[in-house]
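# Residue-level structure breakdown
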Amino acid sequence: MPIVIAVSLIGGIWIGIKFSDIHSSGKGEKKLSEILGLIKNDYVDEVDVDSLIEHTLPNLLANLDPHSTYIPAEDLQAVNDDLDGSFSGIGIAFTMLTDTVTVSEVIAGGPSEKIGLMPGDRIMTIDDSLVAGQNIPNTDIVKMLKGEKGTKVKLGIRRKSAKKMLTFEVTRGDIPVNSIDAAYIIAPETGYIKVNKFGRTTRDEFLTGLVKLKNEGANRYIVDLRGNGGGFLEMAIYMANEFLPPNSPIVFTRGRKPMEDSQVFSDGTGAFQEAPLIVLLDEYSASASEIFAGAMQDNDRALIVGRRSFGKGLVQRQTTLPDSSAIRLTVQRYFTPSGRCIQKDYQLGKRSAYELDIVNRYEHGEFYNSDSIKFNEDLQFRTLNGRTVYGGGGIMPDVFVPNDTSGVTKYYYDVVNAGLLQKFAFEYTDKNRTALSQAKTLQEFMSRLPDDDELLQLFVAYAVRKGIPARWYYINISRNLIVKNLRALIASDILGREYLYQVINTDDATVQRAISELDAGNAVAPILPESEPATTSTSN
């Protein structure tokens, strides 16, 4: 049986690009139309009614569920770009260093690489307009660099090795938006793959990553969905299909009308149906992440490790309006294979309480102790082999790993909130780029960095210059955490984002627990009730 996708869903979002016909038939609609007419014709001052409506629409939708929203025309392209898999631009990542746009990464194969832009270049002018030292917001710089494919943009560049300002003309082209941050062998025969979102290219990227890992010797896998807020639902379906035997349920959706209901089953073509599998979740894993994890858990296919997920079980349809703005309107709920809807509670129009749910979880101790989580016993369901799972508030992992707070102090919060870890890492990279770039492996790269004590001293001195006093009692407590993050950020700046995870994961509590569960044989399908691991672990 082929995979059945009755509707094209997006991670909770169903894109329906169409123009709406608005018919004023109800009393409320007629009243609204009459009020707008009175304002337009009789109000004491002349009013731009279109602008008034533009400011009113977000408030109108705010009286619905927390995920129905209005997207102004000027924001729609940027909102869609993140999931579309590519956008048209020049192919760089940049940071604002001392109020100057500084190139931090040149995307391989992109337009900027082809004409010779380099990491560390300072962008002084864009199309002859001065941008250095002008306090221009990052969002405006992005708009200046983006543009239609084939159009040109002229850049004035300052480079350390050049005495005069250099001029480059870049022809904009398609820039990939990758959804896989890392895919590497993390332990013997163990492949780790980090998925940051579910975009249009996620299926191909994910499968490419799995095949790469298999060719490098992996026969068991960790799929990290922590912090992944969702995206295209169909990508989660395709990912789930790779691990499930034929005719396994993946997801059900139900709308207001029976004709809007759909069911999706696996087709049995997945190449990784037998591989031991662990899925990592946290409180920011939402929507499509929960669909994938729910399908794995309810089919007893994988072990879920981490913390309770966000709890988003609503599906939105995106409709483009005549002025190129759009609304995302909730039109369906989705259900995992066991029949549970994992949408957490909400009240119409009360978004602030909904948005504070994560804060409430933290204050109630849920991030540190699974016993703090209270499930509704009336929403109890059974997996394929009889394990108990619950609806109504996210997906509870099979193995709970508390939030790791070791090394977290007020000093650490101060430097993190000021963005000093990233800023120091970039400035250190910028000054030592030539030497660091010669490293061929991560081990060789690490050997070129200062030892831990020297790196910490350099950072503390830098933080002092930025207004954060050296409080050595707290610095010593946070020492390992600070040094590890600095090494990871510097590695990412030079070698690429995958290496950030290669450094961070060496002592990440959740990742290390996943490896130990694989070693113990607890992630071999089917996951049976009698082999359920404990739902608590020692706090760090």
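Residues numbered from 1 in each chain as written. Predicted model: local features only at pLDDT ≥ 70, side-chain atom pairs only at ≥ 80, totals over all residues. Heavy atoms only, no water.

## Section: a nonpolar patch on the surface
Together, Leu64, Leu329 and Leu348 give the surface a local cluster of nonpolar side chains, amounting to about 240 Å² of exposed area. With respect to the helices and strands, leucine 329 occurs in strand 19 (residues 326-335). Leucine 329 sits in the partly exposed class, given a relative accessible area of 32%. (Patch = residues over 30% accessible without salt bridge, like charges linked within 9 Å, V, L, I, M, F, W, Y side chains within 5 Å. Areas by Shrake-Rupley, 256 points an atom, 1.4 Å probe, with all protein chains shown as cover. Salt bridge = Lys/Arg side-chain N within 4 Å of Asp/Glu carboxyl O. Helix = DSSP H or I, 4+ residues; strand = E, 2+ residues; numbered from the N terminus. Buried < 20%, exposed > 50% of the residue type's maximum accessible area, 1.4 Å probe, protein only.)

## A short note on the pattern of salt bridges
Side chains that differ in charge, positive against negative, can pair when their charged atoms come close. Considering all chains together, one arrives at 25 salt bridges under this definition. For the salt bridge of lysine 344 with aspartate 357, the shortest nitrogen-to-oxygen distance reads 3.0 Å. Separated by 13 residues along the polypeptide, lysine 344 in the loop between strand 19 and helix 9 (351-355) and aspartate 357 in helix 10 (residues 357-363) bring together distant segments of the chain. Judged by relative accessible area, lysine 344 falls into the buried class, the value being 6%. One salt-bridge network, held together by shared partners, links Arg308, Lys344, Asp357, Arg361 and Glu366.

## Here's the deal with the sheet that holds strand 17 (residues 303-306)
The strands making up a sheet associate through backbone hydrogen bonding, with each pair oriented either parallel or antiparallel. Ordered in space as 11-12-13-16-17-22, the six strands form an open sheet in which the pairing is mixed. The open sheet has two free edges, formed respectively by strand 11 (180-187) and strand 22 (399-400), since each of these has just one partner strand. Where strand 11 and strand 12 (residues 190-195) come together, six bridges link them in antiparallel fashion. If you follow isoleucine 180 over to strand 12, its bridge partner there is valine 195. Relative to the sheet, helix 8 (residues 288-298) contacts strand 13 (220-224), strand 16 (277-281) and strand 17, its axis offset from that of strand 16 by approximately 140°. (Pairing = 2+ DSSP bridges. Contact = heavy atoms within 4.5 Å. Axes fitted to C-alpha atoms, helices over the stretch in contact; angles between N-to-C directions.)

## As for the pairing of strand 14 (residues 249-255)
Counting buried residues along strand 14, five of its seven residues qualify, which places the element largely inside the surrounding structure. Inspection of the sheet shows strand 14 paired to strand 15 (residues 262-265) by four bridges, in the antiparallel sense. Within strand 15, the position partnered with proline 249 by the bridge is phenylalanine 265. Counting the residues that bridge the hairpin from strand 14 to strand 15 gives six residues. In terms of strand pairing, strand 14 meets strand 19 through four bridges, oriented antiparallel.

## Here's the deal with the confidence of the model for the protein chain
Looking at the protein chain, pLDDT values average 87 and 91% of them are 70 or higher. Contacts from residues 4-24, a stretch scored under 50 in pLDDT, to residues over four places away or in other chains number 69 contacts. Scored below 50 in pLDDT, residues 531-540 makes 27 contacts in the model with residues more than four places away or belonging to other chains. (pLDDT = per-residue confidence, 0-100.)

## So, the environment of tyrosine 462
With respect to the helices and strands, tyrosine 462 occurs in helix 15 (residues 452-465). We classify tyrosine 462 as buried; its relative accessible area is 3%. Once the C-alpha coordinates of tyrosine 462 and glycine 407 are considered, the two residues, 55 residues apart in sequence, prove to be 20 Å apart. Discounting chain neighbours no more than four positions away, the residues touching tyrosine 462 are Leu420, Lys423, Phe424 and Glu427.

## What to know about the packing of aromatic side chains
Inspection of the entire model under this criterion finds 12 aromatic pairs. On the numbers, 6.0 Å between centres and 65° between planes, the contact of tyrosine 362 with tyrosine 368 is edge-to-face. You can call tyrosine 362 partly exposed: its relative accessible area is 43%. Taken together through their ring pairs, the aromatic side chains of Phe206, Tyr221, Phe243, Phe272 and Phe292 make up a single cluster. Seen from the ring of phenylalanine 335, arginine 254 lies directly overhead, with NZ or CZ sitting 4.3 Å from the centre. (Phe/Tyr/Trp six-rings, centres within 6.5 Å; stacked < 30°, edge-to-face > 60°. Lys NZ or Arg CZ within 6 Å of the ring centre and 35° of its normal.)

## A short note on the nonpolar core
Formed by 52 residues in total, the largest nonpolar core has its most connected members in Tyr411, Phe445 and Phe459. A per-element tally of this core places helix 16 (residues 472-495) first, with 10 residues. Here phenylalanine 445 is in contact with Leu436, Ala439, Ile490, Ala491, Ile494 and Leu495, once residues within four sequence places are set aside. Counting residues in each nonpolar core, the second largest holds 41 residues, with Ala288, Ile304, Val315 and Ile342 among its members. (Core = buried A, V, L, I, M, F, W, Y, C linked by side-chain atoms within 4.5 Å.)

## Quick notes on the environment of glutamate 498
Structurally, glutamate 498 is set in helix 17 (residues 498-504). Once the C-alpha coordinates of glutamate 498 and alanine 182 are considered, the two residues, 316 residues apart in sequence, prove to be 4.4 Å apart.

## Some remarks on the pairing of strand 18 (residues 314-320)
Along strand 18, seven of the seven residues are buried, which leaves the element largely enclosed by surrounding structure. Residue alternation in strand 18 divides its side chains into two sets, Leu314, Gln316, Gln318 and Thr320 and Val315, Arg317 and Thr319, and both sets are buried. In terms of strand pairing, strand 18 meets strand 19 through seven bridges, oriented antiparallel. Within the sheet, the bridge partner assigned to threonine 320 lies in strand 19 and is alanine 326. Joining the antiparallel neighbours strand 18 and strand 19 is a turn of five residues, in which serine 324 adopts a positive phi near 70°.

## Observations regarding the packing of helix 7 (residues 233-241) against helix 8
Look at helix 7 against helix 8: their axes get within 8 Å of each other, and the N-to-C directions meet at 25°. Taken together, the axis directions place helix 7 and helix 8 in an arrangement best described as roughly parallel. Of the two possible hands of crossing, helix 7 and helix 8 adopt the one that is right-handed. For the pair formed by helix 7 and helix 8, the contact residues are Leu233, Ala236, Met239 and Ala240 on the first element and Ala288, Ile291, Phe292, Ala295 and Met296 on the second. (Parallel < 35°, antiparallel > 145°, perpendicular 65-115°, else oblique. Left-handed = near helix turned anticlockwise from the far one by under 90°.)

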